[in-house]
Protein chains: 2
Amino acid sequence: MIYSELSTPALLLEKEKLMANIVRMQDSADRLGVQLRPHLKTMKAARAAEALIASGARGITVSTLKEASYFLQHGFKDITYAVGMVPTKLPEVASLMARGADLKIITDNLEVARAIATEANQSDTRYKLLIEVDCGDNRGGLQPESEELLLIAGLIENSAAEFQGVLTHAGHSYGVNNTSAIEKIAELERDAVVRAATRLRTAGYEVNTISLGSTPTALYAKDLSGITELRAGVYTVFDMDQQARGVCETDEIAMSVLSCVIGHNKAADKILLDAGGLALSKDRSADKFRPEVGYGQICNEDGTAIPDLYVTSVSQEHGHVRVRDVNDYALFPVGSHLRILPVHACMTAAAYDHFNIIENGVLSEKWDRVTGW
Amino acid sequence: MIYSELSTPALLLEKEKLMANIVRMQDSADRLGVQLRPHLKTMKAARAAEALIASGARGITVSTLKEASYFLQHGFKDITYAVGMVPTKLPEVASLMARGADLKIITDNLEVARAIATEANQSDTRYKLLIEVDCGDNRGGLQPESEELLLIAGLIENSAAEFQGVLTHAGHSYGVNNTSAIEKIAELERDAVVRAATRLRTAGYEVNTISLGSTPTALYAKDLSGITELRAGVYTVFDMDQQARGVCETDEIAMSVLSCVIGHNKAADKILLDAGGLALSKDRSADKFRPEVGYGQICNEDGTAIPDLYVTSVSQEHGHVRVRDVNDYALFPVGSHLRILPVHACMTAAAYDHFNIIENGVLSEKWDRVTGW
């Protein structure tokens, strides 16, 4: 592989692996009989969204309103913004809807719902709301049995805004490392959001969307009866965190950081790379099950993982690699390229404004990405 | 404080605190009788460089060649790129020098020095080289007694490139939390780089630059005899990592992230913010001495630190704040603003392309920043 046209650190994406991962998840959604609404928080790239939609996905999920604006600009209209709404962001939502976005927003808070209802009544904007449900992740969301669930639906239904349904995310599926544990969490995720939907329907509200998902539960759920859509993101490229949890194999990881060996500190038994905490992120999610992974798995420049070689520590622009033995200095001379499989792809990719695509073993095009807020 | 014009998360910079921090470090350099060459890896902002130079700094340090290009474009010519050079980056260095940069590069590797010498001989570019010395940090750098130190100087002196001197960085000063321990590391830092310079001079080489620095050692060194210049960066804004080590007070921290409360998960005893792992970074440097700080210290929107309230965990776009008691829900309603003092300012700032400046208690201008590579 020749990378002479790239300055390091640089973000690489292997297209064949990306496409295989996309197919794997689409097959999972098809098997489970639900619509796939991929989360673009990982890829943040219009070209990736095109590939997802072409493979059968319907609609997209985003993590920032800037992503919503970027994808709208690239022709993607059916968008769910899956982070809790606040009243100060409603003008931005209204502006996106005025530009043609079929934008769904979420909340778990009665006061926010009241602000949305009021704003809808006073304007021409028919905000579309999903209520966030907590299925055990303990991040955002109401308990399925909560009083507020019905109060929020009632507030919205009696306003010019539109009540769309319920949404949950089993983030705690990242806390286990075997598929039978993931299957159990997938069942709890389904159960929580279906219970919430059933309570709402019993109370007389129409519930069109019953949405759930995380990469582990989306791949290993046995049954999604009652669910309308699946959301997941990191599966597109996977990472060492997912590998450590048994969700993917190392050679399915489609994203890597190209770096250059900038020094040998033989007194400290280290190879130094020009990819540090900014180029890789300081995410240590793989620690729970594979602490040896550190800040990333080292690969040769062709992408083959090198056994027992990891980024062991980082400073801002330096990656420190503890050598296995003195032969590593000759194997990896100063100036040579190494690739790093990230611990957490979403965090790593965020530092880059484009992907460098590898296709048929050679660098092909660049895919732009959206960053920031 | 009114932030209605800002979408959250947003990066804030208090100008009065920035200026006080700049003065504090300049006073330290003046007292020690050395030139201050601030490291712009933290600020990455031309307006900050202007303030530093106006306060007495001479020359700047950068962590990427993109920073070098950005600062050159803004009129800053005297630049040291303090990350190990590799042969593939020499064309970029030559291009910067052709544009007028007085750019110094570093290496600790004989083969890289050979490539620099060869390239200088074959081109019109008079590369300026500093040799990196390891003073105990165990990152980059040669041991002061190493054979290669003299070999590299010899190679460069016998080429069309220019040998400038030696440089070290006591990154391990971040590993202690009291000023007497910092003083000792500062002495070891000085000793290592002066020993290297003395060996080079004894061997007949001219050593014009003897450079060292880290924020802790730069502020607490007792004596810098033999040193010509001091480099440091994070002192401009400080952060909770520096506070945890006793290097600054909480109210000297000039940078913060403005965030919005997006939810109350009362079942999980949590307030949720719209500043998560991307907005704050996943750096946990403060853990060693103040693990309770987590991902940041929470402040009111006027910047006053709130006792015992921290960002306890993060996901990509969510900050989780464990409440002290149920009264916190009323104190911090959904939709209200909170500010977060970062754990590691360099890592946090990297996610943003501008600072929102607060001056005299009100939002004034924006300062652009350079990001990426």
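Residues numbered from 1 in each chain as written. Chains lettered and ligands numbered in written order. Predicted model: local features only at pLDDT ≥ 70, side-chain atom pairs only at ≥ 80, totals over all residues. Heavy atoms only, no water.

Caption draft 1: Molecular detail of the confidence of the model for chain A. For chain A, per-residue confidence averages 97 on the pLDDT scale, and residues scoring 70 or more make up 100% of the total. Overall fold confidence (pTM) sits at 0.97, and the ipTM for the predicted complex is 0.96. (pLDDT = per-residue confidence, 0-100.)

Caption draft 2: Representation of the relation of the copies chain A and chain B in the model. Once chain A has been moved 0.0 Å along the axis and rotated by 180°, it coincides with chain B to within an RMSD of 0.0 Å. Those values place the two copies in the arrangement expected of a two-fold rotation axis. Identified as the residue of chain A closest to the rotation axis by C-alpha distance is Lys-282 of chain A, at 2.6 Å. Of the interface residues in chain A, 100% have counterparts in chain B that sit at the interface too, so the contact is made through matching surfaces. (Least-squares fit on C-alpha atoms with pLDDT ≥ 70 in both. Contact = heavy atoms within 4.5 Å.)

Caption draft 3: Looking closely at the interface of chain A and chain B. Between chain A and chain B, the residue contacts involve 56 residues of the former and 56 residues of the latter. Between chain A and chain B, a total of about 4200 Å² is buried, with carbon and sulfur atoms accounting for 58% of that surface. At the junction of chain A with chain B, the criterion picks out four salt bridges. Counting across the chain A and chain B interface gives 18 residue pairs in polar contact (both at pLDDT 80 or more). At the level of elements, strand 10 (255–265), strand 11 (270–273), helix 10 (277–280) and helix 12 (345–349) of chain A are the ones that each hand at least two residues to the side of chain A that touches chain B. With five residues, strand 10 of chain A is the largest single contributor of residues to the side of chain A that touches chain B. Here the residues of the side of chain A that touches chain B are counted per class, giving 22 nonpolar, 22 polar and twelve charged. (Buried area = accessible area lost by both parts, 1.4 Å probe. Salt bridge = Lys/Arg side-chain N within 4 Å of Asp/Glu carboxyl O. Polar contact = N/O pair within 3.5 Å; in protein donor to acceptor, adjacent residues only side chain to side chain. Helix = DSSP H or I, 4+ residues; strand = E, 2+ residues; numbered from the N terminus. Nonpolar A, V, L, I, M, F, W, Y, C, P; charged D, E, K, R; others polar.)

Caption draft 4: A look at helix 1 (residues 15–32) of chain A. All names here are of chain A. With 18 residues, helix 1 ought to run about 26 Å at 1.5 Å a step, and its terminal C-alpha atoms sit 26 Å apart, in line with that. For helix 1, every residue scored as buried is listed here: Leu-18, Asn-21, Ile-22, Met-25, Gln-26, Ser-28, Ala-29 and Leu-32. All buried residues of helix 1 project into a common sector of 155° when viewed along the axis, lining one side. Tucked inside the fold, the buried residues of helix 1 contact strand 1 (10–14), strand 2 (35–36), helix 2 (46–54), helix 8 (215–220), strand 9 (229–230) and strand 18 (362–368). (Expected span 1.5 Å × (residues − 1). Buried < 20%, exposed > 50% of the residue type's maximum accessible area, 1.4 Å probe, protein only. Arc of directions from axis to C-beta.)

Caption draft 5: Seen up close, the packing of helix 5 (residues 110–122) of chain B against helix 6 (residues 147–157) of chain B. Residues and elements named next belong to chain B. It is the contact of helix 5 with helix 6, at a shortest axis distance of 9 Å, that shows an interaxial angle of 5°. Taken together, the axis directions place helix 5 and helix 6 in an arrangement best described as roughly parallel. Of the residues in helix 6, those in contact with Leu-110, Ala-113, Arg-114, Ile-116 and Ala-117 of helix 5 are Leu-151, Ile-152, Leu-155 and Ile-156. (Axes fitted to C-alpha atoms, helices over the stretch in contact; angles between N-to-C directions. Parallel < 35°, antiparallel > 145°, perpendicular 65-115°, else oblique.)

Caption draft 6: View of the nonpolar core. If you look at the biggest cluster of nonpolar residues, it comprises 256 residues, and the most contacted ones within it are Leu-103 and Val-166 of chain A together with Leu-103 and Val-166 of chain B. When residues no more than four places from it in sequence are discounted, the contact partners of Val-166 of chain B are Leu-130, Ile-131, Val-133, Leu-149, Val-193, Ala-196, Ala-197, Leu-200, Val-207, Thr-209, Ile-210 and Ser-211 of chain B. (Core = buried A, V, L, I, M, F, W, Y, C linked by side-chain atoms within 4.5 Å.)

Caption draft 7: Highlighting the packing of helix 3 (residues 65–73) of chain A against helix 4 (residues 90–98) of chain A. Residues and elements named next belong to chain A. Closest axis-to-axis distance for the helix 3/helix 4 pair is 11 Å, and the angle between their directions is 10°. Viewed along their axes, helix 3 and helix 4 adopt a mutual orientation that is roughly parallel. Contact residues: helix 3 offers Leu-65, Ala-68, Ser-69 and Leu-72, while helix 4 offers Glu-92, Val-93 and Leu-96. Residue composition of the contact of helix 3 with helix 4, by class: five nonpolar, one polar and one charged.

Caption draft 8: Representation of the environment of Thr-312 of chain A in the model. All names here are of chain A. Mapping Thr-312 onto the fold places it in the loop between strand 13 (305–310) and strand 14 (313–314). Note on Thr-312: relative accessible area 24%, which makes it partly exposed. Between the C-alpha atom of Thr-312 and that of Arg-322, which follows or precedes it by ten residues, the distance is 6.2 Å. The residues contacting Thr-312, other than those within four sequence positions of it, are Tyr-295, His-320, Val-321 and Arg-322. Side-chain polar atoms of Thr-312 contact the backbone nitrogen of Arg-322, separated by 3.2 Å.

Caption draft 9: Here's a closer look at the pairing of strand 16 (residues 337–341) of chain A. Residue and element names in this part refer to chain A. Most of strand 16 is tucked away: five of the five residues are buried. Of the two faces of strand 16, the one lined by His-337, Arg-339 and Leu-341 and the one lined by Leu-338 and Ile-340 are each fully buried. Relative to strand 16, strand 10 is paired through four bridges, and the arrangement is antiparallel. Paired with Ser-259 across the bridge in strand 16 is Leu-338. The pairing of strand 12 (residues 297–299) with strand 16 spans three bridges and is antiparallel. Note on strand 16: the bridge partner recorded for Cys-299 is Arg-339. (Pairing = 2+ DSSP bridges.)

Caption draft 10: Spatial organisation of the pairing of strand 15 (residues 319–322) of chain A. Residue and element names in this part refer to chain A. Strand direction decides the pairing type here: strand 11 and strand 15, joined by four bridges, are antiparallel. Across the sheet, residue Ile-271 finds its bridge partner in strand 15, namely Val-321. Here strand 14 runs beside strand 15; their pairing, made up of two bridges, is antiparallel. In the strand pairing of strand 15, Ser-313 is matched with His-320. As consecutive antiparallel partners, strand 14 and strand 15 are separated by four residues.

Caption draft 11: The arrangement of the sheet that holds strand 6 (residues 128–133) of chain B in detail. All names here are of chain B. Reading across from one edge, 2-9-8-7-6-5-4-3 is the order of the eight strands in this open sheet, with parallel pairing throughout. Strands at the two margins of the open sheet, each flanked by one partner only, are strand 2 (35–36) and strand 3 (60–62). Bridge count for strand 5 (residues 102–107) against strand 6 is four bridges, and the pairing is parallel. What sits directly across from Ile-106, in strand 6, is Leu-130. Of the strands in this sheet, strand 3, strand 4 (78–81) and strand 5 are in contact with helix 3 (residues 65–73), which crosses strand 3 at around 145°. Each of strand 6, strand 7 (162–168) and strand 8 (209–212) touches helix 7 (residues 179–202); the most contacted strand, strand 7, lies at about 155° to it.

Caption draft 12: The arrangement of the packing of aromatic side chains in detail. In total, this model carries eight aromatic pairs over all chains according to the counting rule given. Ring pairs connect the aromatic residues Tyr-70, Phe-71 and Phe-76 of chain A, which therefore count as one cluster. The positively charged end of Arg-284 of chain B is found above the aromatic ring belonging to Tyr-295 of chain B, 4.5 Å away from the centroid. (Phe/Tyr/Trp six-rings, centres within 6.5 Å; stacked < 30°, edge-to-face > 60°. Lys NZ or Arg CZ within 6 Å of the ring centre and 35° of its normal.)

Caption draft 13: Summary view of unusual backbone geometry. All names here are of chain A. That bond from Thr-8 to Pro-9 is cis: its omega, -5°, falls within 30 degrees of zero. Mapped onto the elements of the fold, Pro-9 is located in the segment before strand 1. With a phi angle near 55°, Asp-269 is a residue other than glycine that sits in the positive phi range. Position of Asp-269 relative to the elements: it lies in the loop between strand 10 and strand 11. In this structure Asp-269 comes out as partly exposed when scored by relative accessible area, which is 44%. In this model, Ser-281 sits at a positive phi of 80°, which is unusual for a non-glycine residue. Assignment of secondary structure puts Ser-281 in the loop between helix 10 and strand 12. Here Ser-281 falls in the buried class, since its relative accessible area comes to 9%.

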